[in-house]
Amino acid sequence: MHVAVCDDNVADRKQMERLLGRESDRRAKLTEGLYIDSYGNEKALLRNPMQYDIFYIDMCKTEGITGTQVANKLLEIGVQVPVYMCCSDTDYRKEKFAGNVFFIDKPIKVEQLIASLDHAYEQKQNAIPRIELRDETSTQTLYIEAADIMYGTFSKRHVSVRLTDGRIMNIASDIENLYGQWAHHQTFVIASPKSIVNVR
């Protein structure tokens, strides 16, 4: 499993790295270890967040950004894995989150850490594969399920992909290339040389 820690308190971040390292060693003897990435700021975390199976977040020392904002940014782009808010100076339980946000108290207790990792592993086993859509005009990136896509039409140098919620993403691609990326979902067909449709 891939684990991301985002904490602007250096001592707390290093402690979490040690705890996760020990747990990784223990799990490696049973199944597989953990791949741990640790960040002190949200910009580095948000470069490639979809590779992770679980997040641990606490940002309370950096001016202009909070842990709540970091978690909400992850949710906005489509992160579905567990996001654990580490409650310390900030009690994140008082905040409002939409979706897969959970809470763990600092100092982190080993049994709670193990329970959170088990939770993430169980979700990973049952996860629905996601599709990455990167809009060439707004540079926005979404990670969505195949069921969120209705169809795409090619015009000039991009495919306009219409989502079920009405949004349109302009993808720098042609129909055949896009179909090649999506074919393993088995719900898409090329309806014409300039269109791809989700038949379900």
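Summarised in this report is the structure supplied together with it. Note that this is a predicted model, so its numbers are computed, not measured.

### Remarks on the sheet that holds strand S2 (residues 35–39)
Then, number 1: Pairing is parallel across the open sheet formed by 5 strands, whose spatial order is S2-S1-S3-S4-S5. Strand pairing shows two members of the sheet lacking a second neighbour, S2 and strand S5 (101–105), which therefore form its edges. Averaged over all neighbouring strand pairs, the angle between strand axes comes to 20°, with direction disregarded.
Then, number 2: Inspection of the sheet shows strand S1 (residues 2–7) paired to S2 by 5 bridges, in the parallel sense.

### Description of the nonpolar core
Then, number 1: If you look at the biggest cluster of nonpolar residues, it comprises 21 residues, and the most contacted ones within it are Tyr-39, Leu-45, Phe-55, Ile-57, Val-83 and Met-85.
Then, number 2: Among the secondary structure elements, those contributing two or more residues to this core are S1, helix H2 (42–45), strand S3 (54–58), helix H3 (67–76) and strand S4 (83–87).
Then, number 3: In terms of residue count, the dominant contributor to this core is H3 (4 residues).
Then, number 4: If we skip the residues at most four places from it in the chain, Tyr-39 touches Ala-4, Val-5, Cys-6, Asp-7, Arg-13, Ala-44, Leu-45 and Tyr-52.

### Regarding the environment of Leu-75
Then, number 1: Among the secondary structure elements, Leu-75 is positioned in helix H3.
Then, number 2: Its relative accessible area of 17% is what places Leu-75 among the buried residues.
Then, number 3: Put simply, Leu-75 and Val-197 are 122 residues apart on the chain and 27 Å apart in space, counted from C-alpha to C-alpha.
Then, number 4: Residues contacting Leu-75, with those up to four places away along its chain left out, are Ala-98, Asn-100 and Val-101.

Parameters and conventions
- Residues numbered from 1 in each chain as written.
- Predicted model: local features only at pLDDT ≥ 70, side-chain atom pairs only at ≥ 80, totals over all residues.
- Heavy atoms only, no water.
- Pairing = 2+ DSSP bridges.
- Helix = DSSP H or I, 4+ residues; strand = E, 2+ residues; numbered from the N terminus.
- Axes fitted to C-alpha atoms, helices over the stretch in contact; angles between N-to-C directions.
- Core = buried A, V, L, I, M, F, W, Y, C linked by side-chain atoms within 4.5 Å.
- Buried < 20%, exposed > 50% of the residue type's maximum accessible area, 1.4 Å probe, protein only.
- Contact = heavy atoms within 4.5 Å.

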